[in-house]
Every structure is written in C-alpha cells, then in structure tokens.
Amino acid sequence: MTVEITSHEELRDLLGVPNARAVDKERVRLHQRDREWLAAAPFCLVATAGADGTCDVSPKGDPAGFALVLDDTTIALPERPGNRRADGYRNILDNPHVGLLFMIPGRTDTLRINGRARLVRDAPWFDDMVVKGHRPVLAVVVEIEQIFYHCAKAFLRSALWQPETWQPEVLPSRARLVKEVEAPTENLEDLERHYGPEYAKNIYV
C-alpha cells in the first residue's frame with residue numbers, strides 16, 4: 001500500500017525539524033568566500049518554473065568564474081550557444097524565481113543561490129563574459145534572495161567524484177542514443193561524426 005504525505009505537519013513529524021545551524025546559515029548577501037567559490041566554479045544547475053508550475057533544470061558550464069559578480073547581491077550568467085529550446089529563459093519571462101547550484105569538481109559541498117532573475121540582452125559588463133571570442137547575446141541577472149552552502153552528504157553517498165565508480169560505457173554513446181531515442185531516421189555514421197572530436201571544438205559557435 002502506498003502511503004502519501006499530504007501536509008506540512010506530516011512531513012515535519014516524519015523528518016523532524018532542522019537544527020539551528022541549518023536554519024541560520026541562510027544569507028542574502030555575498031560573503032568574500034562566496035565570491036571565491038563563484039570564481040572557482042565552472043558549472044552550475046539553473047532551476048526554473050513556468051507560470052503553470054512546470055519545471056526545468058538546465059546545466060550551465062564555462063571556464064571557472066563564468067558567473068560574474070556585479071555587486072554583493074547580484075550575479076550574472078552568460079548565454080552560450082545551445083539547442084535554442086530556451087526552456088529556462090522562457091520560464092524566467094513568466095516566473096522570475098530561480099534556484100542555482102554551483103559545483104566545483106572534487107568538492108562535495110555546493111553553493112546554493114535562490115533569487116529573482118531577469119534576462120538582459122546587453123550591458124557594458126558583457127565584455128567581461130567573452131570566451132574564445134564569443135560575446136553572449138544575453139545574460140541571466142539574478143538578484144540574490146537566499147544564499148548558503150549545502151552539505152556533502154549527497155555527493156558522498158553517490159561517490160560522484162570517485163573515478164573508480166565511473167562507468168561512462170554503461171550506456172551507448174551519445175550518437176547511438178540519438179539514433180535510438182530521438183532521431184531514428186538519422187544516419188548513425190553522420191551522428192557519430194557530429195558528436196565526435198569536432199563537437200568539442202564547436203561549442204562556442
């Protein structure tokens with residue numbers, strides 16, 4: 001029998017209440033250590049939700065420090081060429097609330113930032129976001145409402161950064177996944193060529 005939780009009270013009774021440190025660690029302004037973390041982070045996940053509540057989580061990655069600190073309560077993330085679905089961007093236009101999770105390879109703790117986002121198509125600081133000659137055509141500006149460090153338990157449980165646990169060959173290659181799941185009429189050799197060594201050379205094009 002499936003037993004569903006339907007109230008905040010049930011959830012609290014089941015999990016208990018957070019300790020004081022977990023509650024009090026929330027801040028609304030960047031600390032110097034937060035700035036250092038952002039300068040060292042090459043990757044983050046951006047969570048958004050549309051006006052109807054449908055959600056999206058998009059990975060964002062660039063050389064370390066790609067998240068530009070504008071002031072003590074504001075950061076900006078550059079757009080890079082992708083699949084042009086723009087799911088998260090469209091969500092931000094309808095609902096500005098975002099959640100960001102900044103990760104540093106090898107670190108088991110993470111930096112979480114929640115806030116309100118807006119899309120900017122140009123600003124003087126876009127020149128500080130150029131990578132390999134690519135100047136972003138837009139950026140996500142996030143006004144920080146909540147910032148804190150998240151504990152290491154999920155990364156320790158998953159052994160995410162331990163190379164001996166990595167099994168990239170457990171599934172078919174990206175080209176084969178596309179052929180089998182997304183585009184069965186595509187030629188596999190063409191897909192393998194597309195996702196081959198040249199793919200990494202064209203990620204800023």
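That block above? That's the structure.
Just so it is clear, the model here is predicted, and its values are computed rather than measured.

(A) Looking closely at the sheet that holds strand 4 (residues 74-78). The seven strands are arranged 2-1-5-6-7-4-3 in an open sheet whose pairing can be described as antiparallel. Pairing within the sheet leaves two strands with one partner each, and these edge strands are strand 2 (55-61) and strand 3 (68-71). Averaged over all pairs of adjacent strands, the angle between strand axes in this sheet comes to 35°, irrespective of strand direction. Relative to strand 7 (residues 139-150), strand 4 runs antiparallel, the two being bridged by five bridges. Bridge pairing in strand 7 links Thr74 to Glu143. Of the strands in this sheet, strand 3, strand 4, strand 5 (97-103), strand 6 (110-120) and strand 7 touch helix 3 (residues 32-40), which is tilted by about 75° from strand 6. Packed onto the sheet, helix 4 (residues 87-94) meets strand 1 (43-49), strand 2, strand 5, strand 6 and strand 7 and runs at close to 70° relative to strand 6.

(B) Spotlight on the state of the cysteines. Summed over the entire model, instances satisfying the criterion amount to zero disulfides. Cys44 takes part in no disulfide bond, and the closest cysteine sulfur, belonging to Cys55, lies 17 Å away. You can call Cys44 buried: its relative accessible area is 0%. Distance from the sulfur of Cys151, which forms no disulfide, to the nearest cysteine sulfur (Cys44) is 19 Å. Relative accessible area serves as the criterion here: at 39%, Cys151 is assigned to the partly exposed category.

(C) Seen up close, the pairing of strand 7. Bridge count between strand 6 and strand 7: eleven bridges; the pairing is antiparallel. Along strand 7, the bridge assignment pairs Ile113 with Ile147.

(D) A look at the nonpolar core. Judged by nonpolar contacts, the single largest core of 24 residues is most densely connected at Leu38, Ile75, Leu77, Leu100, Phe102 and Ile113. Those elements that place two or more of their residues in this core are helix 3, strand 1, strand 4, helix 4, strand 5, strand 6 and strand 7. If you tally residues by element for this core, the top one is strand 7, at four residues. Residues within four places of Ile75 in sequence aside, it is in contact with Leu30, Leu38, Leu68, Val69, Leu70, Leu100, Phe102, Ile113, Val140, Val141, Val142 and Ile144.

(E) Summary view of a nonpolar patch on the surface. Together, Ile5, Leu11, Leu14 and Leu15 make up a nonpolar patch on the protein surface, roughly 410 Å² of accessible area in all. For Leu14, a relative accessible area of 60% puts it in the exposed group.

(F) Just the pattern of salt bridges, in detail. A complete count under the given rule lists 15 salt bridges for this structure. Between Glu36 and Arg33 there is a salt bridge; the shortest N-O distance is 2.7 Å. Remark: Arg33 and Glu36 occur in helix 3; sequence separation between them is three residues, near one turn of the helix. A relative accessible area of 35% means that Glu36 is categorised as partly exposed.

(G) Layout of helix 4. Turning to helix 4, its buried residues are Gly88, Tyr89, Asn91 and Ile92. The buried residues of helix 4 occupy an angular sector of 160° when projected down its axis, which confines them to one face. Exposed and facing more than 90 degrees away from the buried side of helix 4 are Leu93 and Asp94. Packing partners of the buried residues in helix 4 comprise strand 1, strand 2, strand 5, strand 6 and strand 7.

(H) The arrangement of the packing of aromatic side chains in detail. One pass over the full model with this rule turns up four aromatic pairs. The interplanar angle of 45° and the centroid separation of 5.2 Å between the aromatic rings of Tyr195 and Tyr199 together place this pair among those described as tilted. Here Tyr195 falls in the partly exposed class, since its relative accessible area comes to 26%.

(I) Layout of the side chain of Glu79. As for its position among the elements, Glu79 is in the loop between strand 4 and helix 4. An unpaired buried charge is present at Glu79: no salt bridge exists, and Arg80, the closest side chain of opposite charge, is 6.5 Å distant. Setting aside residues up to four positions removed in sequence, Glu79 forms contacts with Tyr89, His134, Pro136, Val137, Leu138 and Ala139.

About the cut-offs
- Residues numbered from 1 in each chain as written.
- Predicted model: local features only at pLDDT ≥ 70, side-chain atom pairs only at ≥ 80, totals over all residues.
- Heavy atoms only, no water.
- Pairing = 2+ DSSP bridges.
- Helix = DSSP H or I, 4+ residues; strand = E, 2+ residues; numbered from the N terminus.
- Axes fitted to C-alpha atoms, helices over the stretch in contact; angles between N-to-C directions.
- Contact = heavy atoms within 4.5 Å.
- Disulfide = S-S within 2.5 Å.
- Buried < 20%, exposed > 50% of the residue type's maximum accessible area, 1.4 Å probe, protein only.
- Core = buried A, V, L, I, M, F, W, Y, C linked by side-chain atoms within 4.5 Å.
- Patch = residues over 30% accessible without salt bridge, like charges linked within 9 Å, V, L, I, M, F, W, Y side chains within 5 Å.
- Areas by Shrake-Rupley, 256 points an atom, 1.4 Å probe, with all protein chains shown as cover.
- Salt bridge = Lys/Arg side-chain N within 4 Å of Asp/Glu carboxyl O.
- Arc of directions from axis to C-beta.
- Phe/Tyr/Trp six-rings, centres within 6.5 Å; stacked < 30°, edge-to-face > 60°.
- Lys, Arg positive; Asp, Glu negative; His and termini not counted.

Any functional reading would require information beyond the geometric quantities listed.
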